[in-house]
Amino acid sequence: MYKATLIPGDGIGPEVIRAATEVIEAAGVKISWEEKLIGQSAMAKYNNPLPEDTVSSIETNRIALKGPSTTEIAKGFRSANISLRQRLNLYANIRPIKTIEGVNTKYKDIDLVIFRENTEDLYMGIEHMVGKDAAESIKLITRDASERIASMAFNYALREKRRKVTCGHKANVMKLSDGLFLSSVRSIASKYPDIEYQEMIIENLFMKMVMNPEEFDVIVLPNLYGDLLSEMCAGLVGGLGLVPGVNIGVEAAVFEPTHGTAPDLAGKGIANPTAAILCGVMLLNHIGEKEAADRIYNSVKRVIREGKYVTRDLGGSYSTMDMTKAVIDNL
Ligand code: ATP
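1. As for the overall build of the protein
Assigned secondary structure in the protein consists of eleven helices and twelve strands. In terms of C-alpha radius of gyration, the protein reaches 19 Å, essentially the compact-globule figure of 20 Å for 331 residues. Taken along its principal axes, the extent of the C-alpha atoms in the protein is 55 × 45 × 40 Å. Across the protein, every contact between residues at least 6 apart in sequence was considered, and the portion connecting residues at least 24 apart equals 73%. Carbon together with sulfur atoms contributes 52% to the accessible area of the protein, which is approximately 15000 Å² in total.

Structure below.
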C-alpha cells in the first residue's frame, strides 16, 4: 500500500481528482490518500491558503495528487501554488504535450515535453509600487536554478531517447537575466554531445510552435515563458482538459493538471477528467507502477478515439463521471 497526499483543490478540482483516484483504484493500485486543503478551500477553513499541515503531509509522503486552486487576479492572497513550489523546492514543472487520436485539432503527431523552471523569474512575486503611478517587478534568474532545470531536461532526453532539446529565451533584450539562463543551459548541453541542442528567441519559438509543433521534442524554459508556452501547447492538442503535469523537486512530486479551476464548469459535473486521470498515470509511472499506468493510458486513449462517452469539450455530451466510468470499463 502506497501513501500519498490528495489535494482536491477548488472549482472543478474535486470532481476531476475524484475521477483520477477512482481510475487508479480500479486499475488495482492501492494508495492510501491523505486529504489536505490548499487555496480557497483552505482559506475558508483555516484562513490560510497554504496550511502547514498540507506542506508537511507532502514532505512526508513525497507524492501528491492535486487539483487546481483559486488565486484571485490583481488582489488577494499570494498564489498558494507558487508558495508551495517554493516551500518544497519543486523546481521543475514538466508538461508532456502529446496528440491523442480522435481529438478534433488541426495538428497531428505532436509529442513534446516542456521543462519549465518553477521557482524564480518574475514569479517570485517580488514587486512594489514606486510612488503612486509606477510598479516594479523583479526578475531573478540564478545559475543554480537554471542549470538544475537544464540538467533535468537533458537527463530526461537521454533516458527517454529523445532526440533534441530546445532552449527558449529573450537574451537579445534581457542580456543579463535571460543571458544567464541561456549560458547555464548551454553549459549543461555541452555535457550531452549526443543530444541535438537548439536555442530559439522566445517569440520565434512561439511562431514555429504554431506552424510546426511536431518538430519540437524537449523544451527548456524559464518560468514565465514556460507558463505561457505550456498553456498554448495544451491548445494545440485539444485544450486544457487533456494535459497533465507535475511539479517536481528532489524531495517531492506534486502531480497537477494544467487547467485551472474553470469556475464556468464547477459543480456541474461536466469537466473533462482526462488531464487529472493522466496526472494519475504520471504518478503511477513515478512510483514504478508502469503496467497499471499503461493500462489506464491506453484506456483513456481508446475512450477518446471511440468518441462516444466523452465530455462536451471533446464534442460529446457525457459527464465527468460517465467518461470516468468508460475509462474504468475499458481497463
Ligand atoms: P483559474 O482562474 O482557476 O485559472 P480559469 O477559468 O481562468 O480558472 P481554466 O480553469 O484554466 O482558467 O479554464 C479556462 C477554460 O478552459 C474554462 O473556462 C473551461 O471552459 C476550459 N477548461 C478548463 N479545464 C477544463 C476541463 N477539465 N474540461 C473542460 N474544459 C476545461
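Once you've had a look at it, read on.
2. What to know about unusual backbone geometry
Positive phi is not limited to glycine here, since aspartate 109 has a value of about 60°. Accessibility expressed as a relative area gives 62% for aspartate 109, which makes it exposed. Positive phi, normally seen in glycine, also occurs at alanine 262, with a value near 40°. Secondary-structure assignment places alanine 262 in the loop between strand 12 (253-255) and helix 9 (274-286).

3. Re the pattern of salt bridges
Proximity of charged atoms lets side chains of opposite charge pair with each other. In total, this model carries 21 salt bridges according to the counting rule given. Its salt-bridge partner being lysine 139, residue aspartate 178 comes within 2.7 Å of it at the nearest N-O pair. Here aspartate 178, found in helix 6 (residues 177-189), pairs with lysine 139, found in the loop between strand 7 (135-137) and helix 5 (143-159); they are 39 residues apart in sequence, far enough to count as distant. Measuring nitrogen to oxygen at the nearest pair gives 2.7 Å for the salt bridge that ties glutamate 199 to arginine 186. One end of the pair, glutamate 199, is in strand 9 (residues 196-201); the other, arginine 186, is in helix 6, with 13 residues separating them in the sequence. Residue arginine 186 is classed as partly exposed on the basis of its relative accessible area of 44%. One salt-bridge network, in which partners are shared between bridges, spans Lys98, Asp111, Arg162, Arg163 and Asp217.

4. Describing the domain arrangement of the protein
Taken domain by domain, the protein holds domain 1 (1-93 + 240-331) and domain 2 (106-236). With 14 residues of domain 1 in contact, the opposing surface of domain 2 contributes 13 residues. For the pair domain 1 and domain 2, the summed buried area comes to about 1300 Å², and 52% of that belongs to carbon and sulfur atoms. Taken together, the connections running from domain 1 to domain 2 amount to zero salt bridges. At the junction of domain 1 and domain 2, the tally comes to six residue pairs in polar contact (both at pLDDT 80 or more). Contributing elements (two or more residues each) for the side of domain 1 that touches domain 2: helix 4 (80-87), strand 4 (92-98) and strand 11 (246-248). The leading source of residues in the side of domain 1 that touches domain 2 is helix 4, at three residues. Of the residues belonging to the side of domain 1 that touches domain 2, the class tally is seven nonpolar, five polar and two charged.

5. Notes on helix 6
Counted at 1.5 Å a residue, the expected span for helix 6 with its 13 residues is 18 Å, and the 19 Å between its end C-alpha atoms agrees. Those residues of helix 6 not exposed but buried are Ser177, Asp178, Gly179, Phe181, Leu182, Ser184, Val185, Ile188 and Ala189. Against the buried residues of helix 6 lie helix 5, strand 8 (164-169), strand 9, strand 10 (218-221) and helix 8 (223-236).

6. Looking at the pairing of strand 9
Sheet topology places strand 8 next to strand 9; six bridges connect them, and they run parallel. What sits directly across from valine 165, in strand 9, is tyrosine 197. At this point the chain moves from strand 8, through helix 6, to the parallel strand 9, and the crossover so formed is right-handed.

Basis of the calculations
- Each chain has its residues counted from 1, following the order in which its sequence is written.
- Side-chain atom pairs in this predicted model are given and counted only at pLDDT of 80 or more, local residue features only at pLDDT of at least 70, and totals for whole chains, interfaces and linings cover all residues.
- As a rule here, side-chain values come from all non-hydrogen atoms in the structure, and water together with hydrogens is ignored.
- In this text, helices come from DSSP runs of H or I with a minimum length of four residues, and strands from runs of E with a minimum of two, each type numbered from the N-terminal end.
- Here the globule rule is a power law, 2.2 Å times the number of residues to the power 0.38, and the radius of gyration is based on C-alpha atoms.
- Working rule for contacts: check all heavy atoms of both residues, and any pair within 4.5 Å makes them a contact.
- Using a 1.4 Å probe, the Shrake-Rupley method yields the accessible areas, and only the shown protein chains count as cover for residues.
- Exposure is judged per residue with a 1.4 Å probe applied to protein chains only, and the accessible area is read against the type maximum: over 50% gives exposed, under 20% gives buried, and values in between give partly exposed.
- Salt-bridge detection follows one rule: a side-chain nitrogen of Lys or Arg within 4 Å of a carboxyl oxygen of Asp or Glu.
- Segmentation of the chain into domains, including their bounds, is taken from an automatic or database domain assignment.
- The term buried area means the drop in 1.4 Å probe accessible area that two parts suffer when joined, counted for both and summed.
- Within 3.5 Å is the distance limit for a polar contact, defined as a pair of N or O atoms, with the added protein rule that one can donate a hydrogen and the other accept it, and that residues adjacent in sequence qualify only through two side-chain atoms.
- Ten residues, namely Ala, Val, Leu, Ile, Met, Phe, Trp, Tyr, Cys and Pro, are considered nonpolar, four, namely Asp, Glu, Lys and Arg, are considered charged, and the remaining ones, Gly among them, are considered polar.
- Given a helix with a known number of residues, its expected span is that number minus one, times 1.5 Å.
- The rule for pairing is simple: two strands pair if DSSP sees at least two bridges between them.
- Look down the strands so they point away from you; if the path from the first strand over the helix to the second goes clockwise, the crossover is right-handed.

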